[in-house]
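Single-letter residue listing:
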Amino acid sequence: MLNPDLFTPKSSSSSSKILSAAGIIVSSLAFRVAISVSAAFLTTYILQHRSTKLQLKPNLSKVREKLKKDGRNVPLNSHEISLIQECIPEDINVKFDDIGGLEDIIDDLRETVVYPLTVPGLFSGSSPLLQAPKGVLLYGPPGCGKTMIAKALAHESSATFLNVKISSITDKWFGESNKYAAAIFSLARKLEPCIVFIDEIDSFLRSRETNDNEAMSMVKSEFMTQWDGLSSGGRIVILGATNRPNDIDAAFLRRMPKRYGIRLPDLKKRIEILKLSLHGTTLEEPFDFEKVARHMEGLSGSGIKEACRDAAMIPIREYFRDHRKKHGMKFVPTEENDALKTRPLRDSDFFVEWAAKKKDDELDDLE
Ligand SMILES: Nc1ncnc2c1ncn2[C@@H]1O[C@H](COP(=O)(O)OP(=O)(O)OP(=O)(O)O)[C@@H](O)[C@H]1O
Ligand SMILES: [Mg+2]
């Protein structure tokens, strides 16, 4: 016989209570599982994201050692560590002596920027006006040595050099780029004396426009506030380089009062750059540097270097042509049978390409 109690309203309400309690337990369990799975995903994603920024390079240990040696055992936050990895160059081997024709600018930079940063005691007795400027701008046409000067400064001054790239401070997480911008300055303070170099600064500090995205304008204002916060007499200088000075926001330009125009080299400077570029190349005497430099009018330092490379190829081409004549068209040079024994470079080699180009121009004129 069936128990009639089972079908009474009382028993049906208790079973529905049990069912609903079970439902609550299951849904709360499912909720907890979902939360922990998404937390796990999020953590992995953040860790992966961080680990790309924090690839361990030797820079960090070097910086920590330096801080320890100077008795400045300051803690570094994750943004500062990330910047150390990305912005402190490991090996720079450009020296001031490698730069031709810019001695006046280099001397001025040494006296007004490097020495006040690195030996402030020299200047402290005199006027407070003699402190390093907070901002310095190198501007001028492409290929004239702006980046080279900055690299040589990094190599030859004892200041810490932070080579800030825009990619190292832009972050897809909202608000993170701001923290990187602030970290540039906090890190510079910890590592002072410090030169913060921003190459192609126009791309970062270009005129603020209404169509700037919100994140970028926040970064710019953070940068400006931090820059203003540099104490006068501090040992931090922002060094910018650009070939488009007119694109830089006027407010930022004002913060770089010391400006050096690095123009196309004149004859004297071209001769110096030519001599530097040909250093280590065997030249045929007499070699008329002035005649060659005269023909290089309008070329930048980098153009002169390229012209030297083109000219240096001429004896090599001659050498291979001679060998093909002697050994046939199938001649293939190998290291054993042919250590390159080319003739010295002549000043006339610099006119071969021009002579050919001139002929082309004459042909164009005829047409
Ligand atoms: N004054 C110079 N003396 C010797 N080499 C030079 C000089 N100027 C330029 N060069 C040569 O040209 C190359 C490019 O120079 P650099 O990168 O400094 O130019 P830049 O002024 O920064 O140009 P850009 O505005 O395009 O960045 C150098 O690596 C060097 O080989
Ligand atoms: Mg450059």
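Residues numbered from 1 in each chain as written. Chains lettered and ligands numbered in written order. Predicted model: local features only at pLDDT ≥ 70, side-chain atom pairs only at ≥ 80, totals over all residues.

Participant: Got a minute to help me understand the overall build of the protein chain in this structure?
Facilitator: When helices and strands are counted, the protein chain shows 14 helices and five strands. In the protein chain, which comprises 367 residues, the share counted as buried stands at 26%. Considering only contacts in the protein chain between residues 6 or more positions apart, those separated by 24 or more positions represent 82%. (Helix = DSSP H or I, 4+ residues; strand = E, 2+ residues; numbered from the N terminus. Buried ≥ 20, exposed ≤ 12 C-beta atoms within 10 Å, placed from the backbone. Contact = placed C-beta atoms within 7 Å.)

Participant: Would you mind going over the sheet that holds strand E3 (residues 194-198) with me for this structure?
Facilitator: Think of a sheet as strands paired side by side through backbone hydrogen bonds, with each pair either parallel or antiparallel. Spatial ordering of the open sheet is given by E2-E3-E4-E1-E5, a layout of five strands whose pairing is parallel. Single-partner strands in this sheet number two, and they are strand E2 (160-163) and strand E5 (258-261). Averaged over all pairs of adjacent strands, the angle between strand axes in this sheet comes to 20°, irrespective of strand direction. The pairing of strand E1 (residues 135-139) with E5 spans four bridges and is parallel. Within E5, the position partnered with Leu137 by the bridge is Arg259. (Pairing = 2+ DSSP bridges. Axes fitted to C-alpha atoms, helices over the stretch in contact; angles between N-to-C directions.)

Participant: In this structure, what is going on with the site of ligand 1? I would like to understand it.
Facilitator: In the vicinity of ligand 1 there are 18 residues, among which Pro142, Gly145, Thr147, Gly301 and Ser302 approach most closely. Listing elements by their share of the shell around ligand 1, those giving two or more residues are helix H6 (146-156), helix H11 (267-277) and helix H13 (301-327). Here the residues of the shell around ligand 1 sort into eight nonpolar, eight polar and two charged. (Near = placed C-beta within 6 Å. Nonpolar A, V, L, I, M, F, W, Y, C, P; charged D, E, K, R; others polar.)

Participant: It is not clear to me how the packing of helix H8 (residues 176-191) against helix H9 (residues 214-228) should be interpreted in this structure. Could you clarify?
Facilitator: Two packed helices can be described by the angle between their axes and the distance between those axes. Running from amino to carboxyl end, H8 crosses H9 at an angle of 20°, the nearest separation of the two axes being 9 Å. One element, H8, and the other, H9, form an angle in the roughly parallel class. Here H8 runs over H9; the crossing is right-handed. On the side of H8, the interface is formed by Ser177, Asn178, Ala181, Ala182 and Phe185, while H9 contributes Ala215, Met218, Val219, Glu222, Phe223 and Gln226. (Parallel < 35°, antiparallel > 145°, perpendicular 65-115°, else oblique. Left-handed = near helix turned anticlockwise from the far one by under 90°.)

Participant: It is not clear to me how the environment of Thr160 should be interpreted in this structure. Could you clarify?
Facilitator: The topology assignment puts Thr160 in strand E2. According to the C-beta neighbour criterion, Thr160 is buried, with 23 such atoms within 10 Å. If near-sequence neighbours (up to four positions away) are discounted, Thr160 is found in contact with Leu191, Pro193 and Cys194.

Participant: Would you mind showing me how to read the environment of Gly240 here?
Facilitator: Mapped onto the elements, Gly240 comes out in strand E4 (residues 236-242). Between the alpha carbons of Gly240 and Leu205 there is a distance of 9.9 Å; along the sequence they are 35 residues apart. The contact partners of Gly240, leaving out residues within four places of it in the chain, are Leu137, Ile198, Ile201 and Met256.

Participant: Got a minute to help me understand helix H4 (residues 103-118) in this structure?
Facilitator: At 3.6 residues per turn, the α-helix brings residues three or four places apart onto the same side. At Arg110, H4 shows its largest kink, close to 40°. For H4, every residue scored as buried is listed here: Leu109, Val113, Val114, Pro116 and Leu117. (Bend = angle between axes of the 7 residues up to and from the residue.)

Participant: Is there a simple way to explain the nonpolar core in this structure?
Facilitator: Grouped burial of nonpolar side chains is what soluble globular proteins tend to show. Core analysis: the biggest nonpolar cluster contains 58 residues, and Leu162, Ile184, Ala188, Ile195, Val196, Phe197 and Val237 have the highest contact counts within it. Of all the elements, H8 adds the most residues to this core, at nine residues. The residues contacting Ala188, other than those within four sequence positions of it, are Leu162, Cys194, Val196 and Ile236. In this structure, Ile273, Ala293, Cys308 and Ala311 belong to the second largest nonpolar core, which totals ten residues. (Core = buried A, V, L, I, M, F, W, Y, C linked by C-beta atoms within 7 Å.)

Participant: Is there a simple way to think about unusual backbone geometry in this case?
Facilitator: Note: most peptide bonds trans; most residues except glycine with negative phi. In this structure, the amide linkage connecting Glu192 to the following residue, Pro193, adopts the cis form with an omega of 5°. Tracing the backbone through its elements, the reader meets Pro193 in the loop between H8 and E3. One non-glycine residue, Glu200, lies in positive phi territory at about 45°. Positionally, Glu200 belongs in the loop between E3 and H9.

Participant: For this particular structure, what's the right way to read the confidence of the model for the protein chain?
Facilitator: For any part of a model where pLDDT is low, the fine detail of the predicted coordinates should not be relied upon. Of the residues in the protein chain, 80% reach a pLDDT of 70 or more, and the chain-wide mean stands at 81. Of the regions scoring below 50 in pLDDT, residues 4-10 engages in two contacts with residues more than four places distant in sequence or in other chains. Low pLDDT, under 50, characterises residues 51-55; the stretch is placed with five contacts to residues that sit more than four places away or in other chains. (pLDDT = per-residue confidence, 0-100.)

Participant: Whenever I open this one, the pairing of E3 confuses me. Can you help?
Facilitator: Consecutive side chains along a regular strand alternate between the two faces of the sheet. A large share of E3 lies buried, amounting to five of its five residues. Burial along E3 is two-sided: the face carrying Cys194, Val196 and Ile198 and the face carrying Ile195 and Phe197 are both buried. Pairing analysis gives four bridges linking E2 to E3, with the strands arranged parallel. Paired with Asn163 across the two strands is Phe197, which belongs to E3. Relative to E4, E3 runs parallel, the two being bridged by five bridges. In the sheet register, Val196 faces E4, and the bridge partner there is Ile238.

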